[in-house]
Amino acid sequence: MPVEPSVETPANALDGLIDLQRYPLDDLDGDTGRALIDRCRRQLEDDGCVVLKHFVPDEALERLERETERLSPEAHYNQTETNPYNSDADPSKPASHPLNRFGDRTNGFVAGDRIDGDTIIRQVYQNADFQRFIATVVGMEEIHQYADPLADLVVNVLREGCQHPWHYDTNEFIVTMMTRQSHGGGRFEYAPGIRSPEGENFDEVEEVIDGDRSRLKSLDLQPGDLQIFFGRYSLHRVTPVEGDKERHTVIFAYAKEPGFIGRPERARRIFGRMAPVHERLLEEGMQRSDALVD
């Protein structure tokens, strides 16, 4: 829905959309703000995930749900078999190897270039105080919006039977906000820190895929909850959605370095298309700052 231009400060621009009494993004240097940051950092250090319950008050949540409901028909749906790395199989590895373990991915994504600047979610995504809060929590001096026009701000739309099998995120951390929950299913499960920049830890990943739940955590996220998650290092999935009510989640994608763009083949798989910048990368090639598969 359209948002009228405002001359208010960025903090005031979040008033009414975020519960600033509980989560004082407008006063992170105060006692309550510092306590919030410390709590979030401890939880992220413990298991790579923090959930801020009721981050969005009910009155704003209703508006956000209408917004993602309006955007949801723009979602690209596909059904494909994918491994945790969104890559091709490796015939040199055994069939049990994680690179050769493919699961059914049936879900939809509204790409960032379908979400214009008038939307509430894009204004939150671009808000300087929101970005400062996220950066402080994840221990960075600053974070940067994706330069990827498809993957910067995304709405994940899951209909009945849709799921997202075991996978990693392309960026080091991900920020999500649920705006609509399905009638059943759609549980978020993850294996905290199962890999690191130093290595893939394929053996333990294989155990998780085989059904070992000893290191798994499971979340029953609700509308209005904000999640900060180190998804590049924690294997995770969303279980199949049940019922005829769609599950909507907004994904705010940031990177620690400016100019981040996802791999062209990943864009093609997830959004069904590439942007001109991806086409250019196919010609020029690209490099990652780590040696992980994706």
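Here the structure is a predicted model, which means the values were calculated and not measured. (Residues numbered from 1 in each chain as written. Predicted model: local features only at pLDDT ≥ 70, side-chain atom pairs only at ≥ 80, totals over all residues. Heavy atoms only, no water.)

## Digging into the sheet that holds strand S10 (residues 217-219)
Pairing is antiparallel across the open sheet formed by four strands, whose spatial order is S6-S12-S9-S10. Of all the strands in the sheet, just strand S6 (164-167) and S10 have a single pairing partner and so form its edges. Averaged over all neighbouring strand pairs, the angle between strand axes comes to 15°, with direction disregarded. Strand direction decides the pairing type here: S6 and strand S12 (residues 235-238), joined by two bridges, are antiparallel. Within the sheet, the bridge partner assigned to His 167 lies in S12 and is His 236. (Pairing = 2+ DSSP bridges. Helix = DSSP H or I, 4+ residues; strand = E, 2+ residues; numbered from the N terminus. Axes fitted to C-alpha atoms, helices over the stretch in contact; angles between N-to-C directions.)

## Quick notes on helix H6 (residues 202-209)
Looking only at H6, the buried set comprises Val 205, Glu 206 and Val 208. Buried positions in H6, seen along its axis, are confined to an arc of 160° and lie on one side of it. As for H6, its buried residues are in contact with S6, strand S9 (188-191) and S12. (Buried < 20%, exposed > 50% of the residue type's maximum accessible area, 1.4 Å probe, protein only. Arc of directions from axis to C-beta. Contact = heavy atoms within 4.5 Å.)

## A closer look at the pattern of salt bridges
All told, the structure shown has 20 salt bridges when counted by the stated rule. A salt bridge links Arg 122 to Asp 152; the nearest nitrogen and oxygen atoms lie 3.1 Å apart. Of this pair, Arg 122 sits in helix H4 (residues 120-126) while Asp 152 sits in the loop between strand S4 (144-145) and strand S5 (153-158); the two residues are 30 residues apart in sequence, bridging distant segments of the chain. In terms of burial, Arg 122 and Asp 152 fall into one category: buried. In this structure, Glu 189 and Arg 237 form a salt bridge, with 2.9 Å as the shortest nitrogen-oxygen distance. One end of the pair, Glu 189, is in strand S9; the other, Arg 237, is in strand S12, with 48 residues separating them in the sequence. (Salt bridge = Lys/Arg side-chain N within 4 Å of Asp/Glu carboxyl O.)

## Observations regarding unusual backbone geometry
For His 54, which is not glycine, the phi dihedral falls at a positive 55°. Among the secondary structure elements, His 54 is positioned in the loop between strand S1 (49-52) and helix H3 (58-71). A positive phi is found at Asn 86, a non-glycine position, where the angle reads about 50°. Its location among the elements puts Asn 86 in the loop between strand S2 (76-82) and strand S3 (103-110). Here Asn 86 falls in the buried class, since its relative accessible area comes to 5%.

## A closer look at the state of the cysteines
Counted under the stated rule, the structure contains zero disulfides. As a non-bridged cysteine, Cys 40 has Cys 49 as the owner of its nearest cysteine sulfur, 11 Å distant. Under the relative-accessibility criterion, Cys 40 is labelled buried at 0%. (Disulfide = S-S within 2.5 Å.)

## Let's talk about the packing of aromatic side chains
Here the structure, examined in full by the defined rule, presents 13 aromatic pairs. Summarising the aromatic geometry, the rings of Phe 188 and Tyr 190 are spaced 5.7 Å apart at their centres and angled 40° between planes, so their arrangement reads as tilted. The same class applies to Phe 188 as to Tyr 190, namely buried. Relative to Phe 229, the ring of Tyr 190 has its centre 5.4 Å away and its plane inclined at 80°; by these criteria the two rings are edge-to-face. Within this pair, whereas Tyr 190 is found in strand S9, its partner Phe 229 is found in strand S11 (residues 226-229), the two being separated by 39 residues in sequence. (Phe/Tyr/Trp six-rings, centres within 6.5 Å; stacked < 30°, edge-to-face > 60°.)

## Considerations on the confidence of the model for the chain
As a note on interpretation, predicted positions should not be read in detail where pLDDT is low. Considering every residue of the chain, the mean pLDDT works out to 90; 93% of them sit at 70 or more. At the low end of the mean pLDDT range in the chain sits helix H1 (residues 10-13), at 56; at the high end sits H6, at 98. Low pLDDT, under 50, characterises residues 1-11; the predicted model gives this stretch 18 contacts beyond four residues in sequence or across chains. (pLDDT = per-residue confidence, 0-100.)

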